[in-house]
Amino acid sequence: MVGVPSALRPPSFLFDLDGTLVDSVYQHVLAWREALEREGIELSVWRIHRRIGMSGGLFVQGLLRETGRPLDPAVLERLQRGHAEAYARLRPQVRPLPGARDLLAHLTGAGVPWAIATSGRLESAGPAIASLGVPEGVPVVTRDQVSRAKPDPDLFLAAAERLGVDIADSVVVGDSVWDLLAARRARALGVGLLSGGYGADELERAGAYRVYEDPADLLRHLDEVGVRS
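The written sequence of each chain sets the order in which its residues are numbered from 1. Only residues with pLDDT of 70 or above have their local features reported here, since the model is predicted, and side-chain atom pairs are shown and tallied only from 80 upward, although totals for entire chains, interfaces and linings are computed over all residues. Water and hydrogen atoms play no part in the side-chain values, which are based on all heavy atoms of the structure.

A. Examining the packing of helix H1 (residues 25–38) against helix H4 (residues 73–90) more closely. Each axis is a line fitted through C-alpha atoms, and for a helix only the stretch in contact is used; angles between axes span 0 to 180 degrees, taken between their N-to-C directions. Only DSSP runs of H or I reaching four residues or more are called helices, and only runs of E reaching two or more are called strands; each is numbered from the N terminus. Running from N to C, H1 and H4 cross one another at 135°; their axes reach a closest spacing of 8 Å. Accordingly, the angle class assigned to the pair H1 and H4 is oblique. Classified by chirality, the crossing of H4 by H1 is right-handed. Facing Gln27, His28, Leu30, Ala31, Trp32, Glu34, Ala35, Leu36 and Arg38 of H1, the residues of H4 in contact are Leu79, Gln80, Gly82, His83, Glu85, Ala86, Tyr87, Arg89 and Leu90. In what follows, roughly perpendicular refers to angles from 65 to 115 degrees, roughly parallel to angles under 35, roughly antiparallel to angles over 145, and oblique to any angle outside these ranges. Crossing handedness: left-handed means the near helix sits turned counterclockwise from the far one by under a right angle, and right-handed means the same turn made clockwise. The contact definition used throughout considers only heavy atoms, calling two residues in contact when any of these lie within 4.5 Å.

As structure tokens, this is what we get:
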């Protein structure tokens, strides 16, 4: 909004993807479990879920550390490839979360800048992004485009830069503690959603200013995060 004093402008929104805009967290969990079991690694589903939202490399290293397995680069590569293959089979089950398309359309109509920043690679994230009807010109930053993924702040910093906005004037919306840790490190305001399976208390401890159920609930409360009708 050119010519509008920064203090009067609505914030920009930087959205995570999985568990925030699309209902894909548990498909990722099952895909990781399949990849791990191929390597003879058995882990409870809840342990896998706790790390969803991190970059794939950090995710695998953390899980292998829990099992005491050596961090063999060949194993790391096979696990990431196995996850991608398993997730591709489950991808037809993935749908936008309630209110996600309406929320993004509302922000677009109101002239509020927004972008998507995901720890997923473009290969796996592309179909989910397409299901949201993202308008042409909206920045989408994937793991392929940054040096480090969440909980490092690189994805959100890159998204703000692509929008041409100050990260300090942005709201990061995510469903995991890793999103909110990255938001804090980027010095952005964090908003949590329960749609990825984390509890409100966990999200708040990680830095969430507000916590909502899902995108539909956030849409109903946009005034609480600085977007006026």
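B. Looking closely at the pattern of salt bridges. By definition here, a salt bridge exists when the distance from a side-chain nitrogen of Lys or Arg to a carboxyl oxygen of Asp or Glu is within 4 Å. Applying the stated rule across the entire model yields 15 salt bridges. Of the charged contacts, one joins lysine 150 and aspartate 16 as a salt bridge, the two residues approaching to 2.7 Å between their closest N and O atoms. Placement of lysine 150 in the loop between strand S3 (140–141) and helix H7 (154–163) and of aspartate 16 in the loop between strand S1 (12–15) and H1 is noted, with a sequence separation of 134 residues between them. Exposed residues in this analysis have more than 50% of their type's maximum accessible area, buried residues have under 20%, and partly exposed residues fall in between, with area computed by a 1.4 Å probe over protein chains only. Residue classification places lysine 150 among the buried residues on the basis of a relative accessible area of 0%. As a salt-bridge pair, glutamate 34 and arginine 38 come within 3.0 Å of each other at their nearest N and O atoms.

C. Geometry of helix H6 (residues 122–131). Burial in H6 covers these residues: Ser124, Ala125, Ala128 and Ile129. When H6 is viewed along its axis, its buried side chains cluster within an angular range of 125° and face the same direction. Seen from the open side of H6, the exposed residues pointing more than 90 degrees away from its buried face are Glu123 and Ala130. Contacts from the buried residues of H6 go to H4 and S3. Trailing H6 by a residue or two, glycine 133 shows a phi angle of about 65°, which is positive. For this quantity, the arc is that covered by the directions from the helix axis to the C-beta atoms.

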